Amino acid sequence: MTVFNESWEAVIGLEIHVQLATNSKLFSGASTNFGALPNTQACNIDLALPGVLPVLNEEVLKMAVKLGKALNANINSPTSFARKNYFYPDSPKGYQISQMDKPIVEDGFLDIELEDGTSKRIGVTRAHLEEDAGKSLHEDFEGQSGIDLNRAGTPLIEIVSEPDINSPEEAVAYLKSIHSIIRYLEISDGNMAEGSMRCDANVSVRKIGSDELGTRTETKNVNSFRFVEKAILYEIERQISEIESGNTITQETRLYDSQANTTRPMRTKEYANDYRYFPEPDLLPVVLEDKFIKETLEQMPEMPNEKKLRFVNEYELSEYDSSLLAADKDLANFFEEVTDESKSAKLSANWIMGELSAELNKDNLHILNSKISAKQLGQLIKRIEDSTISGKIAKDVFEKMWSSGDEVDAIIEKEGLQQVTDLSEIESMVDRVINENPDQLKQYLSGKDRLFGFFVGQVMKESQGKANPAQVNEILKEKLKE
Amino acid sequence: MKLHELSLKEQLTGLKEGSFSSTELTQHYLDRISNFDKDLNSFITVTEDSALNQAKESDKRYKSNKALPLDGIPIAHKDIFCTEDILTTCGSKMLSNFKAPYSSTVVSNLSSDGVVVLGKTNMDEFAMGSSNETSFFGPVKNPWNKEYVPGGSSGGSAACVSAQLASAATATDTGGSIRQPAALCGLTGIKPTYGRVSRYGMIAFASSLDQGGVLARSAEDSAILLESMSGYDPKDSTSLNEDVPNFLENLDSPIKGMKIGMPKEFFERDLPNHVESSTKEAIETYKDLGAEICEISLPNVDLSLPVYYIIAPAECSANLSRYDGVRYGYRCENPKDIEDLYMRTRKEGFGAEVKRRILIGTYALSAGYYDAYYLKAQKCRRLVANDFTEAFKSVDLILSPTTPDTSFKAGEKSDDPIEMYLQDIFTIPANLAGLPGISFPCGNHEGLPLGVQLVGDSLKEAQLFQAAHQFQKVTDWHKKLPEVK
């Protein structure tokens with residue numbers, strides 16, 4: 001939990017830029033693929049040659065409408081574009097086409113779940129469409145800068161929250177929730193490392209109980225969930241210590257330095273104060289017909305909250321497990337595939353969130369790149385359910401499957417791991433264990449019931465884990481009565 | 001009759017009938033350009049070789065009966081239209097080295113109809129000016145009297161057509177830049193409805209006002225050329241998705257019963273006698289043709305000039321931001337850093353009038369001033385447009401002088417921007433309302449032509465052509481041409 005002084009309250013608003021996964025740019029036909037050679041994906045329009053004009057890529061309208069619905073927001077029609085004026089070499093027109101007065105999405109909210117199980121509603125002020133800038137490359141050219149305009153004109157939607165967030169943890173929960181939504185809607189890959197999702201944090205602090213907002217700073221360049229948490233925490237603590245030492249906070253834009261874990265002010269030249277917004281005369285306001293909105297909303301997939309509720313009802317999972325699984329669409333799909341095979345939702349959920357997640361984390365893999373397929377994991381769980389192997393043996397089998405890629409049954413067969421369910425075989429093992437441990441037997445019989453577990457353990461050890469634990473229990477109980 | 005004296009329509013007939021070839025016609029104009037344009041300065045670039053090649057191709061098509069609608073007609077393009085691999089300067093030092101890698105839709109449309117391109121015409125820098133004195137490539141002279149200006153910003157297009165150095169020329173009009181030079185050079189010039197002609201590849205000055213059009217010697221010639229230029233273009237989101245009618249179809253229909261309104265606000269102005277009398281004469285001609293003349297009111301029209309000088313500079317301040325010395329065009333020597341690159345490139349690359357308008361526009365859009373200037377101007381613009389909507393409920397066309405006077409001497413107004421801006425007092429309202437307007441000659445005073453303007457309702461270009469053509473059938477002002485020496 002956040003450690004800042006308890007008489008202070010943080011007020012946080014996030015601006016999240018999401019790159020929309022269109023094939024072509026927001027206002028030109030150039031490709032949006034990531035990683036091409038510099039300036040090979042910049043056409044006349046992206047280069048802002050004299051005389052060129054923007055034409056809206058209508059694919060983004062559908063994406064924005066779906067996002068608006070997921071954020072419980074209004075869709076503005078007509079929605080209109082505006083020019084945001086500033087000079088920077090990676091902004092080739094000298095202005096960015098964005099939205100000001102009539103953003104496509106306005107006035108929504110998102111309920112986020114916090115770690116203590118409570119939920120909180122965060123207001124979403126607006127989400128507007130705009131074009132991305134190019135990139136300035138300062139490293140490769142001595143005394144000069146290179147400009148790569150491949151990214152220039154890539155569609156972005158900027159989601160602006162209300163200042164309803166009060167801690168770094170809430171900020172991350174909100175960000176993760178937005179991430180989950182855009183992945184569900186398949187409007188972006190949400191890859192923060194590649195910059196397809198970027199977060200700026202507006203942070204201010206005030207004394208608890210105060211109605212007035214403190215002076216805020218905007219921290220940019222935060223490119224992972226963890227860094228968002230750290231940057232905000234740093235900024236809160238910096239502001240509190242500034243104020244407590246009698247200084248004031250300057251309203252400014254700051255950059256997060258993840259290596260030093262600090263924020264520092266941007267040079268004033270790095271941003272402009274007056275963007276001189278005005279309506280973009282090259283684009284007419286866009287009217288979204290009711291029919292278009294209706295047809296778009298019909299294509300909405302099941303959203304994280306809906307999925308969570310379904311998991312609770314259909315699979316009888318706990319709320320906690322359901323929301324963990326539903327947060328990631330791919331994880332949720334994986335879970336359903338596993339369950340389909342295993343026929344046991346609870347065990348499937350436990351295995352996915354336990355063993356599988358541990359392996360994935362160790363190898364830093366996403367669920368889509370799991371070395372064990374959903375079907376394979378389902379079969380493994382099926383073998384536990386049908387008592388072919390015990391849960392303990394299953395963990396060994398899982399390890400082997402992970403490293404070899406072999407099928408469950410092949411490993412069980414090859415290693416002879418089938419559970420021993422032959423009663424006579426178990427009986428003889430039980431007899432052996434009792435005979436070999438006369439001291440413990442004496443103690444048990446004199447009333448030390450706790451030693452029952454010792455005998456179970458010894459039998460399991462004798463069977464190399466393969467004995468069916470339920471049967472071992474039953475037989476031991478009978479034999480020890482004698 | 002000499003080839004350059006023929007109208008565009010007559011030249012088309014001559015080419016079809018084989019009376020002369022496009023090569024002969026093209027060579028004839030190229031010779032005239034080389035003889036007379038050193039003095040007039042109406043061209044920035046003459047594309048002699050490619051023109052002759054195009055003419056040759058055109059002649060082949062005539063021979064094989066595959067002639068295109070405008071095949072072999074030599075025209076000139078205002079240097080604001082991008083032409084692939086040919087210099088497109090917009091009259092500025094900033095683009096003095098700029099060769100576009102693509103052609104504008106207007107250029108492409110005309111080329112696919114077979115025109116021959118003689119070159120690119122001089123203009124006020126970035127189309128900002130009313131006298132063609134702000135061009136980096138030097139002022140253009142009025143062929144009627146070389147001490148006088150040809151008007152602007154399409155001064156080069158007007159001068160070259162008036163001097164018969166091209167059959168016709170493309171032009172653009174943001175506040176009067178086609179109609180005012182048409183009036184000052186004795187030509188017919190049309191600015192169509194906003195969105196009728198694609199702006200793709202036409203270098204932007206004020207996007208919500210800019211519109212491409214034609215300067216030619218008659219309404220008929222203008223109609224022929226405009227039809228080829230016009231049409232919906234998916235590359236221009238403000239282009240109108242409307243069919244282009246046959247502009248020639250109704251030229252010969254009588255205008256009996258057509259209602260023409262005279263805005264009292266225009267005629268209440270203190271006009272010089274010769275302007276008033278020639279306009280009245282034009283009105284008499286229309287009465288004779290059977291039109292009904294009535295007085296109308298455009299109560300908010302006086303707001304036009306101040307509104308225009310907020311909106312146009314505001315848009316231009318953003319449109320011209322791309323000229324930063326980074327990717328193309330002029331770049332200052334040895335910049336210290338990026339700031340220095342921007343500052344010196346723009347300081348050295350732009351002329352005084354362009355800078356003045358960028359500053360006005362930047363100011364008008366600044367935080368704290370936006371509501372008082374830009375927003376208010378937009379509201380007033382709607383008032384002006386509404387006046388026209390109201391007026392067109394009772395009349396078909398609106399008539400006024402095109403300009404407050406005949407041409408003026410070079411240098412006479414160049415130090416007084418306000419006086420210069422007043423040149424467009426009658427033409428700007430049509431740009432604010434997005435309506436089509438045509439100017440054609442209606443008189444001559446002391447050897448300088450005078451023009452009259454008709455403004456029509458949205459998409460009514462055909463009606464403008466018809467009314468102007470009917471006028472030109474009974475008058476010969478448009479046939480008077482300057483003697484070029």
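You'll find the structure just up there.
Quantities reported herein were computed from a predicted structural model and do not represent experimental measurements.

Break down the overall build of chain B for me, with residues and values.
Regarding its fold elements, chain B presents 16 helices and 11 strands. What you see for chain B is a C-alpha radius of gyration of 21 Å, in line with the 23 Å of a compact globule of 485 residues. Referenced to the eigenvectors of the C-alpha coordinate spread, the extents of chain B come out at roughly 65 × 55 × 45 Å. Looking at the 485 residues of chain B, the share that counts as buried comes to 64%. Considering only residue pairs separated by 6 or more positions, chain B has 75% of its internal contacts joining residues 24 or more positions apart. Working note: accessible area of chain B is about 17300 Å², and carbon and sulfur atoms make up 49% of it. Between the centroid of the 50 positive side chains of chain B and the centroid of its 64 negative side chains there is a distance of 3 Å.

Tell me about the overall build of chain A, and please be specific about residues and values.
When you go through chain A residue by residue, the secondary structure sums to 15 helices and 14 strands. Taken over C-alpha atoms, the radius of gyration comes to 30 Å for chain A, far larger than the 23 Å a tight globule of 482 residues would show. Overall, chain A is about 95 × 55 × 50 Å in size when its C-alpha atoms are taken along their principal axes. Among the 482 residues that make up chain A, the fraction classed as buried is 50%. Entry remark: accessible area of chain A is about 23400 Å², with carbon and sulfur atoms responsible for 47%. Charge-centre separation for chain A: the mean point of 54 positive side chains lies 1 Å from the mean point of 83 negative side chains.

Before we move on, can you summarise unusual backbone geometry with the specific residues and values?
A cis geometry characterises the amide bond from Ser77(A) onward to Pro78(A), with omega recorded as 0°. Looking at where Pro78(A) falls in the secondary structure, it is placed in the loop between strand E2 (74-75) and strand E3 (82-85). Cis rather than trans, the peptide bond between Gly152(B) and Ser153(B) has omega equal to 5°. Along the chain, Ser153(B) turns up in the loop between strand E3 (116-121) and helix H5 (155-162). Even without glycine at this site, Asn261(A) takes up a positive phi of about 50°. Inspection of the secondary structure puts Asn261(A) in the loop between strand E12 (253-257) and strand E13 (262-265).

So what's going on with the pattern of salt bridges? Residues and values would help.
Between side chains of opposite charge, a pair can form as their charged atoms come close. What the rule picks out here adds up to 55 salt bridges over all chains. The shortest N-O distance in the salt bridge between Glu220(B) and Lys9(B) comes to 3.2 Å. Residue Glu220(B) is located in helix H7 (residues 219-229), and its partner Lys9(B) is located in helix H1 (residues 8-17); the two are separated by 211 residues in the primary sequence. Lys60(B) serves as the salt-bridge partner of Glu57(B), at 3.3 Å between the closest nitrogen and oxygen. Placement of the pair is Glu57(B) and Lys60(B) together in helix H3 (residues 48-63), with a separation of 3 residues, close to one helical turn. Connected through salt bridges with shared partners, the residues Arg83(A), Glu280(A), Asp282(A), Arg199(B) and Asp236(B) form a single ionic network.

Before we move on, could you go through the packing of helix H8 (residues 345-363) of chain A against helix H9 (residues 374-385) of chain A and cite the residues and values that matter?
All names here are of chain A. Two numbers describe how H8 lies on H9: the axes approach to 11 Å, and their chain directions differ by 120°. Viewed along their axes, H8 and H9 adopt a mutual orientation that is oblique. Handedness of the crossing formed by H8 with H9: right-handed. Contacts between H8 and H9 involve Leu347, Ser348, Trp351, Ile352 and Leu356 on the former and, on the latter, Leu377, Leu380, Ile381, Ile384 and Glu385. Each residue belonging to the contact of H8 with H9 can be placed in one class, and the counts come to 8 nonpolar, 1 polar and 1 charged.

Tell me what's going on with the nonpolar core, and back it up with residues and numbers.
Nonpolar side chains in soluble globular proteins tend to end up buried together. Core analysis: the biggest nonpolar cluster contains 144 residues, and Phe126(B), Tyr286(B), Tyr323(B), Ile398(B) and Leu454(B) have the highest contact counts within it. Per element, the largest residue contribution to this core is 8 residues, and it comes from helix H10 (residues 304-319) of chain B. Sequence-distant contacts of Ile398(B), defined by excluding residues within four places in its chain, comprise Gly261(B), Pro263(B), Ile296(B), Leu298(B), Phe388(B), Ala391(B), Phe392(B), Gln453(B), Leu454(B) and Val455(B). Core analysis: the second largest hydrophobic core is formed by 104 residues, Ala127(A), Leu317(A), Ala332(A) and Leu417(A) among them.

Which residues make up the side chain of Arg254(A), and what are the values?
By the secondary structure assignment, Arg254(A) is in strand E12. When near neighbours in sequence (up to four residues on either side) are disregarded, Arg254(A) contacts Thr217(A), Glu218(A), Thr219(A), Lys220(A), Glu235(A), Arg238(A), Thr263(A), Arg264(A), Pro265(A) and Met266(A).

Run through the sheet that holds strand E9 (residues 397-401) of chain B, naming residues and quoting values.
All names here are of chain B. Pairing in this open sheet of 11 strands is mixed, and the strands run E1-E3-E2-E4-E6-E5-E10-E11-E9-E7-E8 from one edge to the other. Looking at the sheet topology across the chains shown, the edges are occupied by strand E1 (43-46) and strand E8 (292-296). Put simply, the sheet's adjacent strands are angled 30° from each other on average, direction ignored. Pairing analysis gives 8 bridges linking strand E10 (residues 437-445) to strand E11 (residues 448-456), with the strands arranged antiparallel. From the neighbouring strand, Ile438 faces E11, where its bridge partner is Leu454. Each of E1 and E3 touches H3; the most contacted strand, E3, lies at about 155° to it. Where H5 meets the sheet, its contacts fall on E1, strand E2 (74-78), E3, strand E4 (168-173) and strand E6 (211-216), and the angle it forms with E4 comes to roughly 155°.

Cut-offs used in this document
Note that residues are indexed from 1 along each chain, following the sequence as it is written. Each chain takes a letter, starting from A, and each ligand takes a number, starting from 1, following the order in which they are written. For this predicted model, a pLDDT threshold of at least 70 governs which residues receive local features, and a threshold of 80 or more governs which side-chain atom pairs are given and counted, while totals over whole chains, interfaces and linings are taken from all residues. Computation of side-chain values: all heavy atoms of the structure, hydrogens and water removed. Counting from the N terminus, the helices are the DSSP runs of H or I reaching at least four residues and the strands are the DSSP runs of E reaching at least two. The globule rule is 2.2 Å times the number of residues to the power 0.38, and the radius of gyration it is compared with is taken over C-alpha atoms. For every residue, the accessible area (1.4 Å probe, protein chains only) is compared with the maximum for its type, and the residue is labelled buried under 20%, exposed over 50%, or partly exposed between those bounds. Pairs of residues are marked as contacts when any of their non-hydrogen atoms sit within 4.5 Å. Here the open area of atoms and residues is found with the Shrake-Rupley method and a 1.4 Å probe, where only the protein chains shown may cover a residue. Only four residue types enter the charge count, namely Lys and Arg as positive and Asp and Glu as negative; His and the chain termini do not. For this purpose, a charge sits on NZ of Lys, CZ of Arg, CG of Asp or CD of Glu. Every case where a carboxyl oxygen of Asp or Glu lies within 4 Å of a side-chain nitrogen of Lys or Arg is listed as a salt bridge. Angles shown run from 0 to 180 degrees and are taken between the N-to-C directions of axes, each axis being a line fitted to C-alpha atoms and, for helices, limited to the stretch in contact. For this classification, under 35 degrees means roughly parallel, over 145 means roughly antiparallel, 65 to 115 means roughly perpendicular, and everything else is oblique. Take the far helix as the reference: if the near one is turned anticlockwise from it by less than a right angle, the crossing is left-handed, and if turned clockwise, right-handed. Only Asp, Glu, Lys and Arg are considered charged, only Ala, Val, Leu, Ile, Met, Phe, Trp, Tyr, Cys and Pro nonpolar, and every remaining residue, Gly among them, polar. Think of a nonpolar core as a cluster: buried Ala, Val, Leu, Ile, Met, Phe, Trp, Tyr and Cys residues, connected wherever their side-chain atoms sit within 4.5 Å. For two strands to be treated as a pair, DSSP must find at least two bridges joining them.

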